[in-house]
Amino acid sequence: MTSVDRSAEPKPAEPTPAERARSVLAAAGSLTVTTHGHRVELVGLHSVDAAGGLTLHDPPDSHLVAEVRAAPETSLPAVMEFTDIAPSVVRDRVRARLTLAGSLAPGAEEGVLSFTLARACLEEHNRPYTVEPAELAAAEPDPLATFEADMLGHLDTAHADAVELLSRLLPVKKLLGVVRVRPLRLDRYGIVLRLERFRGGCDARLVFPEPATHAGEAVERLHLLLDRAAACPHRLAPRR
């Protein structure tokens, strides 16, 4: 039998749509619930289990629990919407939108509702990605998902010079007309920079030598990229 050399297979350079969806769920502090009768904004009132299952806590001024109890067979069709906002100050801060369609049912405790997923859709860069429930359940959130906002915010406000230095790793043609560079996304595979021009712009990913397994490793990987960038020929820094 011929053996297969797995080391020759290309390594992932970025998360899959299912992994991105799980990361959005892990990091989200709020969501919008839409039913036939209501549209409710819930802030800090949901939890996500290891398989991506959602549990909602109905606020006192909401009518979700009553609506679920009044529904046929005590199962209420519902849509959950999550918006992934970049923690750094960039144009168009919405990085992704995650929409989950399914049904709500009474949970084990009073005022608690459980959500059963029927279908999921992740939209990034105006492109929708369908994520099957089994894919979402099997995917794991990025290990940096709950740390990314603090790490990226600190990088943006306290180390803007380092962000501009990282841009040296990009092809020169990508930097033509760029007036500002901002960190847009950080995950175990690398960092994404937002290259802003007077009109429009684009995003560029810098891949880590190896994926990071925790926040400390991500910092080490960033320093490796910065060391590489410092050794690159000097380029005109984007105007801020």
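Along each chain, the written sequence defines residue order, and numbers are assigned to residues from 1. Two thresholds apply to this predicted model, a pLDDT of at least 70 for residue-level local features and 80 or more for giving and counting side-chain atom pairs, whereas whole-chain, interface and lining totals are computed over all residues. Remark: hydrogens and water are excluded; side-chain values derive from all non-hydrogen atoms of the structure.

Enquirer: Is there a simple way to explain helix α6 (residues 215-230) in this structure?
Expert: Over its 16 residues, α6 extends 23 Å from the first C-alpha to the last, a length consistent with the 22 Å expected when each residue adds 1.5 Å. Buried within α6 we find Ala215, Glu217, Ala218, Arg221, Leu222, Leu225, Leu226 and Ala229. Packing partners of the buried residues in α6 comprise α4 (148-158), α5 (160-166), β9 (178-187), β10 (190-197) and β11 (201-207). Only runs of H or I of at least four residues qualify as helices and only runs of E of at least two qualify as strands under DSSP, and these elements are numbered from the N terminus. For a helix, the expected span equals 1.5 Å multiplied by the residue count minus one. The buried label applies to any residue whose accessible area, calculated with a 1.4 Å probe on protein chains only, is under 20% of its type's maximum; exposed applies above 50%, and partly exposed to all values in between. Any two residues having at least one pair of non-hydrogen atoms within 4.5 Å are treated as being in contact.

Enquirer: Any chance you could explain the side chain of Glu124 here in plain terms?
Expert: The residue Glu124 is located in strand β7 (residues 112-124) in this model. According to the relative accessible area criterion, Glu124 is buried, its value standing at 12%. Filtering out sequence-adjacent residues up to four positions away, Glu124 remains in contact with Arg20, Arg95, Ala96, Tyr129 and Arg185.

Enquirer: What is the right way to read the sheet that holds β10 from this model?
Expert: Sheet strands associate in pairs through backbone hydrogen bonding, adopting either a parallel or an antiparallel arrangement. Pairing between strands is defined by DSSP: at least two bridges between the two strands are required. Strand order across the open sheet formed by three strands is β9-β10-β11, with antiparallel pairing between neighbours. Single-partner strands in this sheet number two, and they are β9 and β11. Averaged over all pairs of adjacent strands, the angle between their axes in this sheet comes to 25°, without regard to strand direction. Summarising the sheet, β10 and β11 pair through seven bridges and their orientation is antiparallel. Counterpart to Gly190 in the pairing with β11 is Val207. Here an angle of 0 to 180 degrees is reported between the N-to-C directions of two axes, which are lines fitted to C-alpha atoms, with helices fitted over the stretch in contact.

Enquirer: Sorry, what's going on with the pairing of β7 here?
Expert: In summary, the side chains of a regular strand alternate between the two faces of the sheet. In terms of strand pairing, strand β4 (residues 54-57) meets β7 through four bridges, oriented antiparallel. Within β7, the residue paired with Leu56 across the bridge is Leu113. As judged from the 10 bridges shared by strand β6 (residues 94-106) and β7, these two strands associate in the antiparallel manner. Bridge pairing in β7 links Leu100 to Ala120. Taking the residues between adjacent antiparallel strands as the criterion, β6 and β7 are bridged by five residues, where Gly111 takes a positive phi near 80°.

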